[in-house]
Amino acid sequence: MDQSQGDAIQVGISSCLLGQRVRFDGGHKRADYCERELSRYFQFVPVCPEVAIGLGVPRPSIRLVRLEDGIHAQTGDGSQDVTAALVAYGRQKAQELSGLSGYVFCAKSPSCGMERVRLYDRHGNGVKEGVGLYARELMAHNPLLPVEEDGRLNDPVLRENFITRVFAYHDWQQLCRTPMTAGRLIAFHSRYKYLLLAHQPSAYRELGRYLGNMRERPLSHVAERYISGLMQALQQRASRKNHTNVLQHLQGYFKRQLSPSQKAELNETIDKYRRGILPLLSPI
């Protein structure tokens, strides 16, 4: 994908979630939150793998079936198998869309479902443990890419986590557009270390120590290990306890600027957040 399109945050999305009538029944699955809200911040790149591999609209629906040689995508009667085409297209797009900063998949889809897609055996019995074939390839070839499903974005905690990861990954991609230096890597970590602490304190300590010894390793290896650790840590949801810990750390930076009464007010605000009385925005 061309990275010359300014600083726009480009996010892949299943075409049907933007209202495009590409589903097997000629309909769509418009995700209002993506279309109304996220489109104000993200430049969406719509993809429908099933149409891209030549399936028409409307078309017979496909499903995931476990056979002796692996998982296949077939029509319900087994007359058409599109496994190889979906896998090949997924690998192709994984290369073409390597500059994306995130991806929103259509839930439950045998091509695009991120998780819990119904997987059938040859007798027609289904269990929710499959992954869409296109989504599987895209995630396997871009393991750092923040991904989420449309339905899960209705959960405010999962939604905030996904958006945080997209912005962080985009920031890293911007950093990598020019040659990496130790100073720029340390500066990046300085911006994200307290976010790390809120999401996963163990990663905060581990990555901090790792960067402290970076002279012992090639810088390219250090950078690769760092961003992998950061993106894995951010997948863990930040807790109220960890947020409180971060706020108390940050409070120390203002001890010389605040009067005794202001310090007491800030401390009380942080404690009210800890007890669930105030939102995180209040102490921030």
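Look above for the structure.
Residues numbered from 1 in each chain as written. Predicted model: local features only at pLDDT ≥ 70, side-chain atom pairs only at ≥ 80, totals over all residues. Heavy atoms only, no water.

1. Comments concerning the packing of helix α6 (residues 182-199) against helix α9 (residues 240-251)
1) Next: Running from amino to carboxyl end, α6 crosses α9 at an angle of 145°, the nearest separation of the two axes being 7 Å. Handedness of the α6/α9 crossing: right-handed. Judged by residue contacts, Tyr194, Leu197, Ala198 and His199 of α6 engage Asn242, His243, Asn245, Val246, His249 and Leu250 from α9.
2) Next: Here the contact of α6 with α9 is composed, by residue class, of five nonpolar, five polar and no charged. (Axes fitted to C-alpha atoms, helices over the stretch in contact; angles between N-to-C directions. Helix = DSSP H or I, 4+ residues; strand = E, 2+ residues; numbered from the N terminus. Left-handed = near helix turned anticlockwise from the far one by under 90°. Contact = heavy atoms within 4.5 Å. Nonpolar A, V, L, I, M, F, W, Y, C, P; charged D, E, K, R; others polar.)

2. A word on helix α5 (residues 156-175)
1) Next: In this model α5 runs 29 Å from its N-terminal to its C-terminal C-alpha over 20 residues, within 8% of the 28 Å that 1.5 Å per residue would give.
2) Next: Those residues of α5 that fall on the buried side of the exposure criterion are Leu158, Asn161, Phe162, Arg165, Val166, Ala168, Tyr169, His170, Trp172, Gln173 and Leu175.
3) Next: Here the buried face of α5 lies against β1 (9-14), β2 (42-47), β5 (102-105), β8 (147-149), α6 and α8 (219-234).
4) Next: The N-cap of α5, judged by a side-chain oxygen 2.8 Å from the amide nitrogen of Val157 a few residues on, is Asp155. (Expected span 1.5 Å × (residues − 1). Buried < 20%, exposed > 50% of the residue type's maximum accessible area, 1.4 Å probe, protein only. Polar contact = N/O pair within 3.5 Å; in protein donor to acceptor, adjacent residues only side chain to side chain.)

3. Regarding the pattern of salt bridges
1) Next: Counted by the stated rule, this structure contains 16 salt bridges.
2) Next: Its salt-bridge partner being Arg152, residue Glu115 comes within 3.4 Å of it at the nearest N-O pair. Taken together, the residues span a long stretch of sequence, with Glu115 in the loop between β5 and β6 (117-120) and Arg152 in the loop between β8 and α5 at a distance of 37 residues.
3) Next: Overall, Glu115 belongs to the partly exposed group, its relative accessible area being 30%.
4) Next: Its salt-bridge partner being Glu206, residue Arg225 comes within 2.4 Å of it at the nearest N-O pair. (Salt bridge = Lys/Arg side-chain N within 4 Å of Asp/Glu carboxyl O.)

4. Considering helix α10 (residues 260-274)
1) Next: Its 15 residues give α10 an end-to-end C-alpha distance of 21 Å, which sits within 8% of 21 Å, the value for a rise of 1.5 Å per residue.
2) Next: Listed in full, the buried residues belonging to α10 are Leu266, Thr269, Ile270 and Tyr273. The buried residues of α10 all sit within an arc of 95° when viewed along its axis, so they share a single face. Residues Pro260 and Ser261 are exposed on α10 and point more than 90 degrees away from its buried face.
3) Next: Residues of α10 that are buried make contact with α9.
4) Next: A positive backbone phi angle near 85° is found at Gly276, which sits one or two residues after α10. (Arc of directions from axis to C-beta.)

5. Topic: the side chain of Thr83
1) Next: Secondary-structure assignment places Thr83 in helix α3 (residues 83-96).
2) Next: In this structure the side chain of Thr83 is engaged in a polar contact, spanning 2.8 Å, whose partner is the backbone nitrogen of Ala73.
3) Next: Those residues within four positions of Thr83 in sequence are excluded, and the remaining contacts are Ile71, His72, Ala73 and Leu133.

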